[in-house]
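Here's the letter readout for the chains.
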Amino acid sequence: MKLRNLKEMEVTEKTILYRAPYDIDVIEKNGVLEVSDDMRIRATLPTLEYLLKENCKIVILFYVGRPDGKIVEKFKTNPHAKRLSELLNKPVEKVDDCIGSVIAEKISEMKSGDILMLENVRFHAEEMTDDDAFSKELCEGKDLIVFDGFPQAHRMHSSTTGIERHLPAVAGLYLEKEVAMLSGLLENPGRPFTVIIGGAKISDKVEAIRNLLKMADTILVGGAVANVFLKAQGRELGSSFVEDVFVDKVKREKKDWVEEAKSILSLAESLGKEVIIPTDVVISDGKETKIIDITKEGVPSEWMALDIGPETRKKFYDIILKSKTVFINGPMGKAGDSRFLPGSQTVIDAMKEVVGETIIAGGDTIDTFRKNGNLENYSHISLAGGATLEFLAGKELPALKALE
Ligand code: ADP
Ligand code: MG
């Protein structure tokens, strides 16, 4: 996928509506609200610095959390403005709304290099219905949209698809990198291409797994997702977390994930691809831990499988090391507990050694890599959750259409 490039666009001295990806949780520290993590803000600095160099006026638009059309103190954008200002070492003026005459006047008074941060667009109920009049109002007084809201690009909201109906839009440098890296996986990955899937739920990831299976050479499965595949192989899992049945609340459809895992395994076989499932696991009853060969014995009834075992780790390590492209989403075990970290640690260490592209996605996965490794050692950290998985599933993200 090729997007219209910011650097090929005439932006000098324009008033930019900058669609930022700053949907970030805030935490209270010594009575002050702060963003819990500034990775998404740091990721936008190249775009913003470029626009500043071009003497633009920058008006920043985004949403935070789910305030449902009401003003909610903890979802205000003040902590985001404060952190951005610190990182840019420049004032970022925060205003109390995103539309209206007061804001319009502020924008008309802006000078080159000024940055204005709007209030959470979700304080207006019209945002989530992609209301056209509201979308138009968001565009008033601006010349061009620079779109970096990749984590929100799968949504059809006023601040995504809505504004794109009223102003020309180009991709920001952050969004461009996300799309380039993820498209690379789907279009022309260096081979062997290994995909590592772990974490809690197969339901979140199944469509991405199916689509990646077409491109990948090998899929390594760990975490609780592996439990579903182990169950599909007829293994006994005791009290392990296994997402077996799932009711889709919107479609009211019941899905059997064990059947889905079986169908993925047969699809892989027909494509001549390898899906590698743990042969040994670390189990615990909450007090003790032990390693079992899951191909020979089941998990006892009060015990849970919480990490991949040493034989599986060794296998994963060797495959990762021989790969030219590695993508991971989902930790290999309950990595927040040091007893169940070794599986994830193995992957963190192996991916560091890879000569080629290494891409990390998912909030818990990034956290695990950051705490137990150094994010600088990998080619790309994908900062979108749902949007990354939908992109990898091969779906069209509505907000990207206007940028092609
Ligand atoms: P990401 O946020 O990176 O997409 P997920 O949210 O899918 O990852 O998965 C992370 C969660 O999965 C963590 O809370 C972790 O404790 C849990 N998890 C991983 N392996 C297991 C397991 N074997 N049993 C129970 N929970 C697990
Ligand atoms: Mg998660």
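Just above, that's the structure.
Computed from a prediction, not measured in an experiment: that's the story for all the values here.

Trainee: I would appreciate a short explanation of unusual backbone geometry in the present structure.
Mentor: In most cases, non-glycine residues show a negative phi, while peptide bonds are predominantly trans. Following arginine 191, the chain continues to proline 192 via a peptide bond in cis, the omega torsion being 0 degrees. Secondary-structure assignment places proline 192 in the loop between helix H7 (173-187) and strand E9 (193-197). Positive phi, normally seen in glycine, also occurs at aspartate 68, with a value near 55 degrees. When you line up the elements, aspartate 68 lands in the loop between strand E4 (57-61) and helix H3 (78-88). For aspartate 68, a relative accessible area of 54% puts it in the exposed group. The residue aspartate 130 is not glycine, and still its phi comes out positive at about 55 degrees. Among the structural elements, aspartate 130 can be located in the loop between strand E6 (115-117) and helix H5 (132-139).

Trainee: What am I meant to see in the pattern of salt bridges here?
Mentor: Should their charged atoms come close, side chains of opposite charge can pair. Following the criterion strictly, the structure yields 23 salt bridges and no others. Between aspartate 38 and arginine 83 there is a salt bridge, with its nearest N and O atoms 2.8 Å apart. Note that aspartate 38 is positioned in the loop between strand E3 (32-35) and helix H1 (39-42) and arginine 83 in helix H3, a separation of 45 residues in sequence. Aspartate 38 gets classed as buried once you look at its relative accessible area, which sits at 14%. Lysine 296 serves as the salt-bridge partner of aspartate 293, at 3.1 Å between the closest nitrogen and oxygen. Ionic contacts of the salt-bridge type, sharing partners, join the residues Asp38, Arg42, Lys82, Arg83 and Glu86 into one network.

Trainee: Help me understand the side chain of glutamate 178 in this model?
Mentor: Take glutamate 178: it is sitting in helix H7. Despite its burial, glutamate 178 pairs with no opposite charge, the nearest such side chain being arginine 40 at 7.3 Å. If we ignore the near neighbours within four places in the chain, the residues touching glutamate 178 are Phe150, His380, Ile381, Ser382, Leu383 and Ala384.

Trainee: Teacher, can you tell me more about the site of ligand 1 here?
Mentor: Inspection of the region around ligand 1 gives 15 residues, with Ala200, Lys205, Ala305, Asp364 and Thr365 positioned closest. Contact distances for ligand 1 include 3.2 Å between an oxygen atom and a side-chain N or O atom of asparagine 329. Alone, ligand 1 offers 580 Å² of accessible surface; in the complex the protein occludes 78% of this. No other element matches helix H13 (residues 363-372), which puts 3 residues into the shell around ligand 1. Residues that form the shell around ligand 1 fall into these classes: 5 nonpolar, 7 polar and 3 charged.

Trainee: Would you mind showing me how to read the sheet that holds strand E15 (residues 289-293) here?
Mentor: Hydrogen bonds between backbone atoms are what pair the strands of a sheet, whose relative direction is either parallel or antiparallel. If you walk across this open sheet you meet the 3 strands as E15-E14-E16, and the pairing is antiparallel. Edge positions in the sheet fall to E15 and strand E16 (304-308), since each has one partner strand and no second. Averaged over all neighbouring strand pairs, the angle between strand axes comes to 40 degrees, with direction disregarded. Across 4 bridges, the pairing between strand E14 (residues 280-284) and E16 is antiparallel. For serine 284, the partnering residue across the bridge sits in E16 and is methionine 304.

Trainee: Explanation requested: the nonpolar core in the structure shown.
Mentor: As a rule of thumb, nonpolar side chains are buried together in soluble globular proteins. One finds Phe150, Ile320 and Met351 to be the most contacted residues of the largest nonpolar core, which totals 101 residues. Leaving out residues up to four positions away in the same chain, methionine 351 has contacts with Ile196, Ile320, Val326, Ile328, Thr358, Ile359, Ile360, Phe369 and Tyr378. Counting 32 residues, the second-largest nonpolar core is a separate cluster that includes Ile41, Cys56, Ile58 and Ala81.

Trainee: Please explain empty space enclosed by the protein as it appears in this structure.
Mentor: Over the atoms, a rolling probe the size of a water molecule traces out where space has been left empty. Applying the stated rule across the entire model yields 1 cavity of 30 Å³ or more. Reported here for the largest cavity is a volume of approximately 40 Å³. For the lining of the largest cavity, the elements supplying multiple residues, two or more each, are helix H12 (342-353) and H13. It is H13 that contributes the most residues to the lining of the largest cavity, 3 residues altogether. Residues that form the lining of the largest cavity fall into these classes: 5 nonpolar, 4 polar and no charged.

Trainee: Is there a simple way to explain the layout of surface pockets in this structure?
Mentor: If you add up the space inside the second largest pocket, you get close to 720 Å³. For the second largest pocket, the lining is made up of 26 residues, of which Asp23, Ile24, Arg40, Leu383 and Gly385 are closest to its centre. Sorting the residues of the lining of the second largest pocket by element identifies H1, H13 and helix H14 (386-392) as the ones contributing at least two each. Element by element, the count of residues in the lining of the second largest pocket is highest for H13, at 4 residues. Taken together, the residues that form the lining of the second largest pocket break down as 8 nonpolar, 9 polar and 9 charged.

Trainee: I keep staring at the sheet that holds E9 and nothing clicks. Help me out?
Mentor: Reading across from one edge, E13-E10-E9-E17-E18-E19 is the order of the 6 strands in this open sheet, with parallel pairing throughout. Pairing within the sheet leaves two strands with one partner each, and these edge strands are strand E13 (274-276) and strand E19 (380-382). Mean inter-strand twist for the sheet, computed between neighbouring axes without regard to direction, equals 15 degrees. Bridging between strand E10 (residues 218-221) and E13 involves 3 bridges; their strand directions are parallel. By the bridge assignment for E13, threonine 218 is matched with glutamate 274. Sitting on the sheet, helix H8 (residues 206-215) touches E9, E10, E13 and strand E17 (325-329), and the angle it makes with E9 is about 165 degrees.

What counts and what doesn't
Residues numbered from 1 in each chain as written. Chains lettered and ligands numbered in written order. Predicted model: local features only at pLDDT ≥ 70, side-chain atom pairs only at ≥ 80, totals over all residues. Heavy atoms only, no water. Helix = DSSP H or I, 4+ residues; strand = E, 2+ residues; numbered from the N terminus. Buried < 20%, exposed > 50% of the residue type's maximum accessible area, 1.4 Å probe, protein only. Salt bridge = Lys/Arg side-chain N within 4 Å of Asp/Glu carboxyl O. Lys, Arg positive; Asp, Glu negative; His and termini not counted. Contact = heavy atoms within 4.5 Å. Near = heavy atom within 4 Å. Polar contact = N/O pair within 3.5 Å; in protein donor to acceptor, adjacent residues only side chain to side chain. Areas by Shrake-Rupley, 256 points an atom, 1.4 Å probe, with all protein chains shown as cover. Nonpolar A, V, L, I, M, F, W, Y, C, P; charged D, E, K, R; others polar. Pairing = 2+ DSSP bridges. Axes fitted to C-alpha atoms, helices over the stretch in contact; angles between N-to-C directions. Core = buried A, V, L, I, M, F, W, Y, C linked by side-chain atoms within 4.5 Å. 1 Å grid on protein atoms, 1.4 Å probe; cavity = no way out; pocket = protein on both sides within 12 Å on 5 of 7 lines; lining within 4 Å. Points joined across faces, edges and corners; volume = space filled by probe spheres on them.

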